[in-house]
Amino acid sequence: MNNLQNTNQNPETSLTNDPNTNNSQTSMSIEEEKSVKVDNQMAQEINTTTTIPNNKTNQFSKTQQQQQQQQQQQQTSKNDFKIKTEETKEPNTNNERTVEQEEQNKNSIEKEFNEATKHMTGTGSLIKEMREQYQSLDSSVLTSDAVNYLVLKYLHETGKQTTSFAFASESKVLEKFRPTTKIPQGLLISLIQKGLKYLELETEIMEGLRSDEFFFLQRIYKKIEQKTDEIENDEIRKIEIENEKIEKKNQEKPIDSSNRTACIGHTSNIFRVQWSPTEDLLATGSEDFSTRIWNFDERVENTIKNISGWKLLNCKTIQPSLVKSGESATVTYLDWSPDGQYLAIGYFNGEISITSSNGNLLFQLCQHNGPIFGLKWNSNGKYLLSGSIDNKVIVWDIETQKPKNIYLHHKGVIMDLDWKDDRTFATCSEDKTISICDVGNPQPSKLFTAHSQCITSIRWSPNGKFLASCSDDSIIKIWNINKEKSILELKEHENEILSLEWSNTGPGTNYPNSKLLLGTSSLDLSVKIWDIETGRSKHTLRKHLEPVENISFSPNGKMLATVSLDSWVHIWDQKKGSILKSFQAPKPLLAVDWNKSGDKLAVTSRDGLVYILQL
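This is a predicted model, so every value here is computed, not measured. (Residues numbered from 1 in each chain as written. Predicted model: local features only at pLDDT ≥ 70, side-chain atom pairs only at ≥ 80, totals over all residues. Heavy atoms only, no water.)

K.L.:
Could you clarify how one ought to interpret the overall build of the chain in this entry?
P.N.:
Counting its secondary structure elements, the chain contains 10 helices and 35 strands. Counting only residues that meet the buried cut, the chain has 49% of its 615 residues in that class. Approximately 30500 Å² of the chain is accessible, and the part contributed by carbon and sulfur atoms is 45%. (Helix = DSSP H or I, 4+ residues; strand = E, 2+ residues; numbered from the N terminus. Buried < 20%, exposed > 50% of the residue type's maximum accessible area, 1.4 Å probe, protein only. Areas by Shrake-Rupley, 256 points an atom, 1.4 Å probe, with all protein chains shown as cover.)

K.L.:
Explain the confidence of the model for the chain here, please?
P.N.:
Interpreting fine coordinate detail is not advised for predicted regions of low pLDDT. Residues with a pLDDT of 70 or more make up 62% of the chain, whose mean pLDDT is 75. When the criterion is pLDDT under 50, residues 248-252 qualifies, and its contacts beyond four places in sequence or with other chains add up to nine contacts. (pLDDT = per-residue confidence, 0-100. Contact = heavy atoms within 4.5 Å.)

K.L.:
What is the right way to read the pairing of strand β12 (residues 361-365) from this model?
P.N.:
Where a strand is regular, its side chains alternate between the two sheet faces. By the bridge criterion, four bridges tie strand β11 (residues 352-356) to β12 in an arrangement that is antiparallel. Pairing of Ile354 across the sheet is with Phe363, part of β12. Counting the residues in the hairpin turn of β11 and β12 gives four residues, including Gly359, whose phi is positive at 95°. (Pairing = 2+ DSSP bridges.)

K.L.:
I keep staring at a positive patch on the surface and nothing clicks. Help me out?
P.N.:
Together, Lys538, Lys558, Lys575 and Lys576 line one region of the surface with positive charge. With respect to the helices and strands, Lys558 occurs in the loop between β29 (548-553) and β30 (559-564). Given the relative accessible area of 56%, Lys558 is considered exposed. (Patch = residues over 30% accessible without salt bridge, like charges linked within 9 Å, V, L, I, M, F, W, Y side chains within 5 Å. Salt bridge = Lys/Arg side-chain N within 4 Å of Asp/Glu carboxyl O. Lys, Arg positive; Asp, Glu negative; His and termini not counted. Charge placed at Lys NZ, Arg CZ, Asp CG, Glu CD.)

K.L.:
Explanation requested: unusual backbone geometry in the structure shown.
P.N.:
The residue Lys432 is not glycine, and still its phi comes out positive at about 75°. Tracing the sequence through the fold places Lys432 in the loop between β18 (424-429) and β19 (433-438). The phi dihedral of Ser474 is positive, around 75°, even though this residue is not glycine. Relative to the helices and strands, Ser474 resides in the loop between β22 (467-471) and β23 (476-479).

K.L.:
Hey, could you run me through the pairing of β22 in this one?
P.N.:
Burial of β22 is extensive: five of the five residues sit out of reach of the surface. With burial as the criterion, each face of β22 is covered, one bearing Leu467, Ser469 and Ser471 and the other bearing Ala468 and Cys470. With five bridges connecting them, strand β21 (residues 455-460) and β22 associate as antiparallel partners. Residue Ser457 lies in a different strand from β22, and its bridge partner there is Cys470. A loop of six residues connects β21 with β22, the two strands running antiparallel in sequence, and Gly464 in this loop sits at a positive phi of about 75°. Both β22 and β23 contribute to a ladder of four bridges, which runs antiparallel. Considered in β23, the bridge of Leu467 is made with Trp479. Here β22 hands over to β23 after four residues, with Ser474 in that stretch at a positive phi of 75°.

This is the structure we're talking about:
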């Protein structure tokens, strides 16, 4: 059985038979050449395909290592099924096999395979299939780069453009590997299925069983399911107990149907939502490539039966103008200018559109070569800051519609950015660093390694005194830019941080007598409200049964809204840590935002609906 090696091999030998085994294989047939062209074309398409990336690929390599260790243990254990290929090999000082030697080796292997499996009944097709697969792979080496390429090809074949783009970007597989022969469609699944069958077969032989059925995977799955169920049941019970305590103190009230409005128009996931800072205009950006501006004062009659009782709104729809054929233009970021006159829209193809408040397109900004992951106006509306997967940070002069500065100091994807004031801003990256920059200065004034893993979000406090950062390392850090190290490390979360939000309270805000608070949500299903003065969480909010995707403080800081993939939105009293109101949508919820007066809450969903809850 071939070993899955986690080392880089020559691309010309990966996923192919040894060229010395048959001289006729040194040149590809016309059909194979066409196939290679198709695979190379697929690679080019993946380079230009655009969807929101995901930066979690390390687990795949860990799985490879675990599989390799398991295979090594099986080979060294006492069993009756050892394929002694080395005994059939003759010394060759030039490290080359002749056709005759190769045939002898395969015949020996086939003979031993037949001997090991002759006692089995009811497995004819499986034995034949495994024998053919085993022989076809005998003279090839499946490298980690080859496996990565098969994974990439599978993602592309199944239409998962978001994941394929991120995987290609992080693994660099298109730079390390190019196929030299025909790769059939669905090869990855075929290899996995046959490999699992082979493991089942090998296990039956090693344990000396004589059965027409294989139970190897069933035994493993059963153990995993039992363990997973035990963990999930414990976690769910803990949450249920906590919820029961909260509900005894304060029974939450559902939001009355007369205070709910549905915004219908999008046809896919809505990742972005933001109210205008000056009036009740709501902007939403979706995976369907469109941005919509909803006017709360313009109503239409409800003619849709399945949402009876909801009020509906009119909207202005904005479509990207520079999308090429086959290119994705998912809306990745939205930001209103401080005076509410302009809306900046960032797309996955790198385009930035500037529109008026009524939705008319004014101009485009085109310098990025990948998805826009950060887009923020400064407080006077003179500059627009953008960051992208191409590692660039650009300060745009809106008056000239040209870059004021382009920064290239980060070595990874720009994950987030935020203004401290009119001229100073911070950026964070997948390279685990945070930079502090000033408009007009071509180099960052500070650049420091802040976390042990990818930094996903940063936010300045309302008065610009503190910078909060969160990471996949489950830690939140508070920074003072006058110091080289963080002044606080908040470590109570047990998993990756999903969102980070300051309350608009404390010194320098409209609510100077209220405490400055920080809210965070995590994959551990909890939401925490932190007291920065003590460095400890003030409340741990547990109600959701799925990850909390987004949180938002009300303008006066008294309430905190949380939305989750469990389809619930909860509105919490941040002082008591109890729920005030709740609403359940039909589909998982993605984003949430309060309007400027704090009497309306906008929530977006995976089914393309926007819910406006009037409080």
